[in-house]
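These are the residues of each chain, in order.
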Amino acid sequence: MQHHTYHKMGLFFEGADLEALAERGRALALIPNIQARKRRIGDLAQEEAIFLRAKKEITREMEADFPAAAWFRDNYYILEKTLRELDIAYYDIVLAPAPVMERGEYAGWTRISALAESLTELSQGNVSHEKITVFLEAYQELKPLSVRELLAFVEYVKAAILRLLATAVEYMQDMIQTRQEAAEAAQKISGGSALSAALDREQQENSALLEMLWERLGREREKEGVREEILGLLAMHDTTVEEAVRAEHIKRMQLKNIMRDSVNSLKNLATLDRRQLVTGLSRTFAILMEDDVFAHMDDPSRDYYIMQVERLAKKWKIKENVVARRAVKLAKESGEDLSWYILGDGAGELAASFHLSYKRKKTEDLLLLTHYILPALAAVLTGWLCDRTVA
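Residues numbered from 1 in each chain as written. Predicted model: local features only at pLDDT ≥ 70, side-chain atom pairs only at ≥ 80, totals over all residues. Heavy atoms only, no water.

Enquirer: I tried to follow the overall build of the chain on my own but got confused; where do I start?
Expert: Helix and strand content of the chain: 20 helices and 2 strands. Looking at the chain residue by residue over its 391 residues, the buried ones come to 47%. In the chain, once contacts between residues fewer than 6 apart in sequence are set aside, the share between residues at least 24 apart is 77%. For the chain, the accessible surface area stands at approximately 20200 Å², while carbon and sulfur atoms represent 52% of it. (Helix = DSSP H or I, 4+ residues; strand = E, 2+ residues; numbered from the N terminus. Buried < 20%, exposed > 50% of the residue type's maximum accessible area, 1.4 Å probe, protein only. Contact = heavy atoms within 4.5 Å. Areas by Shrake-Rupley, 256 points an atom, 1.4 Å probe, with all protein chains shown as cover.)

Enquirer: Looking at this structure, I do not really get a negative patch on the surface. What am I missing?
Expert: Where like charges cluster on the molecular surface, the negative patch consists of Glu-14, Asp-17, Glu-19 and Glu-23. The residue Asp-17 is located in the segment before helix 1 (18-29) in this model. On the basis of relative accessible area, Asp-17 is assigned to the partly exposed category, the value being 49%. (Patch = residues over 30% accessible without salt bridge, like charges linked within 9 Å, V, L, I, M, F, W, Y side chains within 5 Å. Salt bridge = Lys/Arg side-chain N within 4 Å of Asp/Glu carboxyl O. Lys, Arg positive; Asp, Glu negative; His and termini not counted. Charge placed at Lys NZ, Arg CZ, Asp CG, Glu CD.)

Enquirer: What exactly am I supposed to notice about the environment of Arg-163 here?
Expert: Mapping Arg-163 onto the fold places it in helix 7 (residues 147-190). For Arg-163, a relative accessible area of 11% gives the class buried. Taking C-alpha positions, Arg-163 is 9.8 Å from Gly-125, a pair spaced 38 residues apart along the chain. A polar side-chain atom of Arg-163 sits 2.7 Å from a polar atom in the side chain of Glu-117. (Polar contact = N/O pair within 3.5 Å; in protein donor to acceptor, adjacent residues only side chain to side chain.)

Enquirer: Before we go on, may I ask you to explain the nonpolar core in this structure?
Expert: Note on soluble globular proteins: their nonpolar side chains tend to be buried together. Counting 88 residues, the largest nonpolar core has Phe-51 and Phe-72 as the members making the most contacts within it. Examining the composition of this core, we find that 18 residues originate from one element, helix 7, more than from any other. Counting residues in each nonpolar core, the second largest holds 18 residues, with Ala-186, Leu-217, Val-226 and Leu-233 among its members. (Core = buried A, V, L, I, M, F, W, Y, C linked by side-chain atoms within 4.5 Å.)

Enquirer: Looking at this structure, I do not really get the pattern of salt bridges. What am I missing?
Expert: Two side chains of opposite charge can pair, provided their charged atoms sit close to one another. On inspection of all chains with the given rule, the structure shows 14 salt bridges. Here Glu-170 makes a salt bridge to Arg-53, at a shortest N to O gap of 2.4 Å. In this pair, Glu-170 is assigned in helix 7 and Arg-53 in helix 2 (residues 45-57), connecting sequence segments 117 residues apart. For Glu-170, a relative accessible area of 3% gives the class buried.

Listed below in structure tokens is the structure:
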């Protein structure tokens, strides 16, 4: 039988604690970034195909031997829902241009997807608000993330969890397949075949399969010779039946834990308030909150200010938090409203403080209109229509 080859993420190690996550965040921040063209979350078509195939192949009868199978079958709808929502999110959450990891194991990845992947793998799918906060705070000790990246991060984590689940599902299917191969080999041996004829070379090197076969052959006297051969093969791999049994049991429990924690994480992330996450993690947001006017704005107005800070930072090739800090400082010193420096003609003075020249263009107002005002009006209209439909 052909075994699966997906296995994209590491499995079967204990999830990292908060201190280890923080250390990993700082380590990733040391990797240089380069700018890349506009990107979105990677395609999850392969993962979706894995889930669909497993749904057809994994039966209720398998749940007794593989607790992870029960978690997969009972919570399949969560995976479907997440995939469906992410399909929309691909087009809504884009980073332009996207900072990309220059080297290391995540070379070529956008840094936000690399961070999500690393956090998910280290946590073995058990991702919480606290872990996200600790991990990203540690990263931002050296490199601040943009507000857009922070807003997108939860979506990238969901995608990473789905990849981890796909790895776990394929591994589980391999274990199920190994058990089936052991059953077939036992049947051949019971029919009079020698061990060498019942197993090919690759199977003879699979300690999990040998352990399962040893167990299936039972303790009949006529099978003692074959059982001794199996023990000999296991010894060649520096293991015993007892060790193989223990390793197999641990893997099944770890698979169940990964499946359980990943599913629960997807449920919790679906209700996570991203704005609250950004508020706690964004240095740009924290700096702007020092301004009294900004602190008392509603969320759409704050979004408007933040988007303009992002746009100016990108245009001037200066970090967002630096632009925000200078704008707040100038507003306090001059007594002018913060909007004068971020949205109005005072942006020229803000640019001059960086020894840059800047003149506001009408096309920039049109850009803000198409990227902020029109989507906001569309959201209001959609809500109004939904209310009328319900009424």
